[in-house]
Amino acid sequence: VQLQACGGGLAQAGGSPRLSCAASGRTFSSYYMGWFRQVPGKEREFVAGISWSGGSTFYADSVKGRFTISRDNAKNTVYLQMNSLKPEDTAVYYCAATGRGTRAPHQREYDYWGQGTLVTVSS
């Protein structure tokens, strides 16, 4: 599976950008998908995850209630809707895929990674 993330850029605090991650391959619908983010000098951290069917989602406490992960298996795409952005949301955001059938909040659990897209939030 090859992943291509996009949608990053400069956003204002309180804004609502949406990130997209397009996947290649026919087996996208069988993968648990996750979004992570990383700030220079810090470890990559889990943001959100979604089951293969889209019926189960899981969020980091820092984004719960503000971000929404979703997927469209017909389009081989996973999304991250980001609302009420804060300057501390500034990071490079990565999408990732894993063959695990259950929630996977650790980067070591993922098999495939996109290249990352930078989101910069101005106050």
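Residues numbered from 1 in each chain as written. Predicted model: local features only at pLDDT ≥ 70, side-chain atom pairs only at ≥ 80, totals over all residues. Heavy atoms only, no water.

A. Quick peek at the pairing of strand S9 (residues 91–98). For S9, the buried fraction is high: seven of the eight residues fall into the buried class. Relative to S9, strand S4 (residues 32–38) runs antiparallel, the two being bridged by seven bridges. Bridge pairing in S9 links tryptophan 35 to cysteine 95. In terms of strand pairing, S9 meets strand S11 (residues 117–122) through three bridges, oriented antiparallel. Considered in S11, the bridge of alanine 91 is made with valine 119. The pairing of S9 with strand S10 (residues 112–113) spans two bridges and is classified as antiparallel. Bridge pairing links alanine 96 to tryptophan 113 in S10. (Buried < 20%, exposed > 50% of the residue type's maximum accessible area, 1.4 Å probe, protein only. Helix = DSSP H or I, 4+ residues; strand = E, 2+ residues; numbered from the N terminus. Pairing = 2+ DSSP bridges.)

B. Main features of the state of the cysteines. Overall, the coordinates contain one disulfide when judged by the stated rule. Residue cysteine 21 pairs covalently with cysteine 95 via a disulfide, S to S 2.0 Å. Its torsion about the S-S bond being 60 degrees, the disulfide of cysteine 21 and cysteine 95 is classed as right-handed. Here cysteine 95 lies in strand S9 and cysteine 21 lies in strand S3 (residues 18–23), a separation of 74 residues in the sequence. A residue is classified by how much of its surface remains accessible, and cysteine 21, at 0% relative accessible area, is buried. (Disulfide = S-S within 2.5 Å.)

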